[in-house]
Amino acid sequence: MNGTPPPADPVLADPVLADLVMTLPALAEAYRAGTRPGDVLAEVYRRIEAAGDPGIFISLAPRGRVLSEAAALGQYDPSRPLWGVPVAIKDNIDVAGLATTAACPAFARTATRDATVVARLREAGAIVIGKTNLDQFATGLVGTRTPYPVPQNPIDPALVPGGSSSGSAVAVARGIVPLALGTDTAGSGRVPAALNNIVGLKPTPGALPATGMVPACRSIDTVSVFALTVADAWSAFAAMAGRDAADPYSRPFACQPLSEPPPVLRIGVPDPASLIVDDEAQARGFRAGIDALRAGGAVVSEIDFAPFYAIAARLYDGAWVAEREAALAGFMAEAPNALHPVTRRVVGVASGFSAADAFRDIYRLAETQRLIEPVLAGLDLLAVPTIPGPCTRAAIEADPIGPNSRLGLYTNFVNLLGLAGIAVPTGPLPDGLPYGLPGSMTLLACGGQDALIAAVATRLEQLGPRTLGATGWAVPAPAALTDRAGPGEIEIAVCGAHMSGLALNRELTSRGGRLLRVADTSADYRLYALPGGPPVRPGLVRVPSGGASIAVEVWAVPEAAVGGFLAGIPAPLGLGTLSLSDGTAPKGFLCEHAGVAMAEDVTQFGSWRAVIAREAAE
């Protein structure tokens, strides 16, 4: 991380500010009581240090400059809605005097002026802290496609932080800043909100100017806002919205203060046949949100979401991916090897499309829009899960494309249809599930109806985990990553397709299994790829010499379910006792020596995920 500040002056990091909740009302109250912006900024720097996460920011504004900007604000001015508010900016949006990298060091250039949205934030009194990490060139929904350290998901480090606006979402979720800007083409302002338990406001395309933003798909991109509350996100949106003559896609947009939504709302939700949710916490959160909307007087109608999924698929499977190539063509010609491998793979698909393909996809979009129009005409808004379920870092390492695409199921179609959207946390908190991720619902409405969905979202906020502290929403750390097996459970180590996110993992989760920890065997094992499949299976064999450490996951499985699990294990595999480098000896998969006679020795890869990644690359 460039420009990392020195530790905050301990005199300024006082106990009162250490407990400050980073919301706009809390900051305003502190400033009215005499707190200086410089003191708040010192606390921001302290929190950056305390987070210990070098993946959040790519660069920080020079501390002297930031403090000078704070001093220049003068006396507290409540007429400026963001007076003294520290903000973070995604590093594909220009901030004067700082490099814009788009998470590609070879692309870096120092901005000579602020992007229009950044300039408008400053006019409202905001102070820019720094530039945040992202999936390179805003291509991805996972937050791991970056040459810099990957931001850590503050709820569960086993999960991806979400992308492409990963650093911005994590900065807000950790309580470092109350507001952060992202961008959103396919869901980058909503997916990270869901994965970090915060609010993600994705405006009507064109409502926020894109001047000074590195485009992904210029015709449908939008700047987005992350915040802990809907009201805070709306305040930032209102300060930035409106036409910019330098941006031909921007439009006039007047924001009014949030008000109560209409007493009766017509809300469309996916019908049971087309609702796709992979995770029980997301399913519970969605049901709770729908129940709350009904309790508030909404008339909820179930609709077929297949046409929306068809549009979502076109964003990356169709010619729109060529618009990403159009944005990067000059740079790719100059530095073809500078792109992250996955970014290059995604954008490289564009070479298979022609101009005729682009027009055919435009025609298909128009045809599908015509089918959807009667559905939308009878509704005030749509409500969908923000994501089907969480995605682990291990799953995305094993398959960089599939899980990423899955995250965009409910987000990819939104900008193609010109809709406005807002993602908001919904409860209840998970109980006894592998991950501690609460539910998230996204409300969608036709372009221009941003105020309506924001007003409805304020109702849904009451469902979410409402324990707000200095480090964001208090979400219990998932016991699955910190505990050993409890009473009535047996620890089972797995090294292959039973690991989280892989093909046979459901054989554990369906029996009530929960992930305990990631570990390595002691250095006396060899790993083999057994013949047969699919799926291809690993064989782990303990050897007297010439062994190595192999990565495993340790799961807790209820004793009553172990028999059924054991019965499904085919030869030459079986359950034995493994020796792990952490000193524990759980039960785990072992292979008979005779079973590896015709197998490929893949010990050098160190993990089954690395073996899978090799096969995917070939």
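Source: prediction; values computed, not measured.

> Could you give an account of the overall build of the protein chain, naming the residues involved and the relevant values?
When its secondary structure is counted, the protein chain shows 19 helices and 23 strands. A total of 618 residues make up the protein chain; the buried ones form 56% of that total. Nonlocal contacts in the protein chain, meaning residues at least 24 apart in sequence, comprise 77% of its contacts between residues at least 6 apart. For the protein chain, the computed accessible surface area is about 23000 Å², with 56% contributed by carbon and sulfur atoms.

> Which residues make up the sheet that holds strand β23 (residues 600-601), and what are the values?
What the three strands build is an open sheet, ordered β19-β18-β23; its pairing is antiparallel. In this open sheet, the two strands that pair with only one neighbour each are β19 (538-542) and β23. As judged from the five bridges shared by strand β18 (residues 525-529) and β19, these two strands associate in the antiparallel manner. Along β19, the bridge assignment pairs Tyr-528 with Gly-539.

> Outline the environment of Asp-184, listing residues and values.
Mapped onto the elements, Asp-184 comes out in strand β6 (residues 179-184). Owing to a relative accessible area of 0%, Asp-184 belongs among the buried residues under this scheme. Apart from residues lying up to four places away in sequence, Asp-184 is in contact with Gly-189, Arg-190, Lys-202, Ile-220, Asp-221, Thr-222, Ser-224 and Asn-415. Among the polar contacts listed, one links the side chain of Asp-184 to the backbone nitrogen of Gly-189, at a separation of 2.8 Å.

> Break down the packing of aromatic side chains for me, citing the residues and quoting the values.
Under the definition given, this model contains 15 aromatic pairs. Taken together through their ring pairs, the aromatic side chains of Phe-305, Phe-308, Tyr-309, Tyr-410 and Phe-413 make up a single cluster.

> A description of helix α13 (residues 355-377) should follow, citing residues and the corresponding values.
The first and last C-alpha atoms of α13 sit 32 Å apart over 23 residues, in line with the 33 Å expected at 1.5 Å per residue. A maximum bend of about 35° is found in α13 at Leu-371, where proline Pro-374 lies one to four positions downstream. For α13, the complete set of buried residues consists of Asp-361, Leu-365, Thr-368, Ile-372 and Leu-376.

> Can you explain the packing of helix α5 (residues 116-123) against helix α8 (residues 230-240)? Please cite residues and give values.
Relative placement of two packed helices is described by the angle separating their axes and the distance separating the axes. Running from N to C, α5 and α8 cross one another at 110°; their axes reach a closest spacing of 8 Å. Taken together, the axes of α5 and α8 lie roughly perpendicular to each other. For the pair α5 and α8, the contacting residues are Val-117, Arg-120 and Leu-121 in the first and Ala-236, Ala-239 and Met-240 in the second. When the residues that make up the contact of α5 with α8 are grouped by side-chain class, the tally is five nonpolar, no polar and one charged.

> Account for the environment of Thr-442, with residues named and values stated.
Mapped onto the fold, Thr-442 is located in strand β13 (residues 439-445). As for Thr-442 and Ile-422, which are separated by 20 residues in sequence, their C-alpha atoms are 5.4 Å apart. Sequence-distant contacts of Thr-442, defined by excluding residues within four places in its chain, comprise Arg-190, Leu-382, Ala-383, Val-384, Pro-385, Thr-386, Ile-422 and Ala-423.

> If you had to explain empty space enclosed by the protein to someone new, which residues and values would you point to?
The gaps of empty space that remain are located by a probe, the size of a water molecule, rolled over the atoms. A full pass over the atoms with the stated rule returns one cavity of 30 Å³ or more. Forming the walls of the largest cavity are Leu-376, Leu-379, Asp-380, Leu-381, Leu-382, Leu-419, Leu-444, Ala-445 and Cys-446. Of all the secondary-structure elements, those providing two or more residues to the lining of the largest cavity are β11 (381-385) and β13. Among the residues making up the lining of the largest cavity, the classes are represented as eight nonpolar, no polar and one charged.

> Which residues make up helix α4 (residues 63-72), and what values go with them?
Here α4 has its buried residues at Arg-63, Val-66 and Ala-70. What you see down the axis of α4 is that its buried residues fit within an arc of 65°, all on one side. Looking at α4, the residues exposed on the side facing more than 90 degrees away from the buried face are Ala-71 and Ala-72. Looking at the buried side of α4, the elements it contacts are α3 (37-51) and β5 (127-132).

> Which residues make up the packing of α8 against helix α16 (residues 450-460), and what values go with them?
α16 packs onto α8 with a crossing angle of 160° between their chain directions and a minimal axis gap of 9 Å. One finds that α8 runs roughly antiparallel with respect to α16. Our pair here, α8 against α16, has a crossing hand that is left-handed. Residue-level inspection shows Val-230, Trp-234 and Phe-237 of α8 in contact with α16, the latter providing Asp-450, Ala-451, Ala-454, Ala-457 and Thr-458. A per-class count over the contact of α8 with α16 returns six nonpolar, one polar and one charged.

> Please provide a residue-by-residue account of the environment of Ala-71, values included.
Considering the arrangement of structural elements, one finds Ala-71 in helix α4. The spatial distance from the C-alpha of Ala-71 to the C-alpha of Pro-37 is 7.4 Å, given a sequence separation of 34 residues.

> Before we move on, could you go through the pairing of strand β20 (residues 551-558) and cite the residues and values that matter?
Buried residues dominate β20, accounting for six of its eight residues. Bridge analysis of strand β16 (residues 489-494) against β20 gives six bridges, and the strand direction is antiparallel. Looking across to β20, one finds that Glu-489 is bridged to Pro-558. Taken together, the six bridges between strand β17 (residues 514-520) and β20 define a ladder with antiparallel strand orientation. The partner of Leu-515 across the bridge, within β20, is Trp-555.

> Please set out the state of the cysteines residue by residue, giving values where relevant.
Going through the model one piece at a time under the given rule, you end up with zero disulfides. Residue Cys-495 stays outside any disulfide, its sulfur separated by 9.6 Å from that of Cys-591, the closest cysteine.

> So what's going on with the side chain of Arg-47? Which residues, and what values?
Relative to the elements of secondary structure, Arg-47 occurs in helix α3. A polar atom in the side chain of Arg-47 sits 3.2 Å from the backbone oxygen of Leu-17.

> Describe the sheet that holds β20, listing the residues and the values that go with them.
The strand order across the open sheet formed by five strands is β17-β20-β16-β22-β21, and the pairing between neighbours is mixed. The sheet terminates laterally at β17 and β21 (573-577), the two strands that pair on one side only. Strand-to-strand twist of the sheet, defined as the mean angle between neighbouring strand axes without regard to direction, takes the value 35°. Across the face of the sheet, helix α18 (residues 559-567) comes into contact with β16, β20, β21 and β22 (587-591) while running at roughly 120° to β20.

> Mind laying out the pattern of salt bridges, listing which residues take part and the relevant values?
Taken as a whole and judged by the stated rule, the model has 19 salt bridges. In this structure, the salt-bridge partner of Asp-94 is Arg-109, at a minimum N-O distance of 3.5 Å. Taken together, the residues span a long stretch of sequence, with Asp-94 in the loop between β2 (86-90) and β3 (99-100) and Arg-109 in strand β4 (residues 109-110) at a distance of 15 residues. Of the residues examined, Arg-109 reaches a relative accessible area of 36% and is grouped as partly exposed.

The rules behind each value
- Residues numbered from 1 in each chain as written.
- Predicted model: local features only at pLDDT ≥ 70, side-chain atom pairs only at ≥ 80, totals over all residues.
- Heavy atoms only, no water.
- Helix = DSSP H or I, 4+ residues; strand = E, 2+ residues; numbered from the N terminus.
- Buried < 20%, exposed > 50% of the residue type's maximum accessible area, 1.4 Å probe, protein only.
- Contact = heavy atoms within 4.5 Å.
- Areas by Shrake-Rupley, 256 points an atom, 1.4 Å probe, with all protein chains shown as cover.
- Pairing = 2+ DSSP bridges.
- Polar contact = N/O pair within 3.5 Å; in protein donor to acceptor, adjacent residues only side chain to side chain.
- Phe/Tyr/Trp six-rings, centres within 6.5 Å; stacked < 30°, edge-to-face > 60°.
- Expected span 1.5 Å × (residues − 1).
- Bend = angle between axes of the 7 residues up to and from the residue.
- Axes fitted to C-alpha atoms, helices over the stretch in contact; angles between N-to-C directions.
- Parallel < 35°, antiparallel > 145°, perpendicular 65-115°, else oblique.
- Nonpolar A, V, L, I, M, F, W, Y, C, P; charged D, E, K, R; others polar.
- 1 Å grid on protein atoms, 1.4 Å probe; cavity = no way out; pocket = protein on both sides within 12 Å on 5 of 7 lines; lining within 4 Å.
- Points joined across faces, edges and corners; volume = space filled by probe spheres on them.
- Arc of directions from axis to C-beta.
- Left-handed = near helix turned anticlockwise from the far one by under 90°.
- Disulfide = S-S within 2.5 Å.
- Salt bridge = Lys/Arg side-chain N within 4 Å of Asp/Glu carboxyl O.

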